[in-house]
Amino acid sequence: MTADRRAAPFGAASLLGLAAAFGLPAMLLFLRPSELFPELPQAEQVMIGEGGWWATALAVLLIMFVAERRGLGSIDLRWPGMRSVFWGLLGSVVLIALFAATQLLLQLLGLGVSEAATLDFGQIPPWLILAMALRAGVVEEILFRGYAVTRLESLTGRTWVAALLSLAAFVVLHATSWSAGHLIFVAVAGGALTLLYVWKRNLSANIIAHTLVDVVGLMLARYAMVQG
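Fair warning: this is a prediction, and the values are worked out from it, not measured in the lab.

Chemist: Outline a nonpolar patch on the surface, listing residues and values.
Modeler: Together, Met27, Phe30, Leu31, Leu36, Phe37 and Ile48 make up a nonpolar patch on the protein surface, roughly 600 Å² of accessible area in all. The class for Met27 is partly exposed, based on a relative accessible area of 45%.

Spelled out as structure tokens, the structure:
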């Protein structure tokens, strides 16, 4: 545990930060660009939605900097060194293996892990797919691992409670955007990412692992839709 994380107890500012970390993503689910701007091409709708996620992360970071008066060390975010890259790459290999195993299992059960419930990836250019993966890796790790786990840990005094609560929020907030098959992988991958974060306390490693596995998963989803 870093000195920055030990320095400040849970207070009203942290409660506000948690409300933003969980509440703003929930609002994005109800303010879908596809419903607000149905006349726009899907790629443009996706870009608007991605902007909403980046704005959410910025809001939480502003609360952390201004209201909590805490730095990036309080969410274990540092410039990625060799250890971050190593654990990030290793984490991505594990996640990709889990992805393959989960997809095989779900195919046997008649479910599709690569099918999104609300997106036609065939209409989304590759560069935007990469941008989506980067956003997911950075924003979701800040919100659901770095911020949520540390603040819930301060609130409850229990790391395992904080980890389970943040994982539950992560899965629930994916529930309306993806197929049932993919949601199972979200739970498995989210659990693995949570374990990696709790173990190494290195958010940069989490961001690398999450981004890389999303690049693979989203590109496979696009390839499947284009070929289909």
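Chemist: Describe in detail the packing of helix H2 (residues 12-30) against helix H4 (residues 42-67), supporting the description with residues and values.
Modeler: In the contact formed by H2 and H4, the axes pass within 9 Å of each other and the chain directions differ by 175°. The orientation of H2 with respect to H4, classified from their angle, is roughly antiparallel. Seen from H2, the contacting residues are Ala13, Leu16, Gly17, Ala20, Ala21, Leu24, Pro25 and Leu28; seen from H4, they are Gly52, Trp53, Thr56, Ala59, Val60, Ile63 and Ala67. In terms of residue class, the contact of H2 with H4 is made up of 12 nonpolar, three polar and no charged.

Chemist: Let's hear about the pattern of salt bridges: which residues, and what values?
Modeler: Tallying each qualifying case throughout the model produces five salt bridges. Note that Arg201 is salt-bridged to Glu153, the shortest N-O span being 2.6 Å. Here Arg201, found in the loop between helix H8 (180-200) and helix H9 (203-227), pairs with Glu153, found in helix H6 (residues 126-156); they are 48 residues apart in sequence, far enough to count as distant. Classification of Glu153 as buried rests on a relative accessible area of 9%. Through salt bridges with shared partners, a single ionic network connects Glu50, Arg135 and Glu140.

Rules and cut-offs
Residues numbered from 1 in each chain as written. Predicted model: local features only at pLDDT ≥ 70, side-chain atom pairs only at ≥ 80, totals over all residues. Heavy atoms only, no water. Patch = residues over 30% accessible without salt bridge, like charges linked within 9 Å, V, L, I, M, F, W, Y side chains within 5 Å. Areas by Shrake-Rupley, 256 points an atom, 1.4 Å probe, with all protein chains shown as cover. Salt bridge = Lys/Arg side-chain N within 4 Å of Asp/Glu carboxyl O. Buried < 20%, exposed > 50% of the residue type's maximum accessible area, 1.4 Å probe, protein only. Axes fitted to C-alpha atoms, helices over the stretch in contact; angles between N-to-C directions. Helix = DSSP H or I, 4+ residues; strand = E, 2+ residues; numbered from the N terminus. Parallel < 35°, antiparallel > 145°, perpendicular 65-115°, else oblique. Contact = heavy atoms within 4.5 Å. Nonpolar A, V, L, I, M, F, W, Y, C, P; charged D, E, K, R; others polar.

Note that all results are geometric; they support no functional claim without further evidence.
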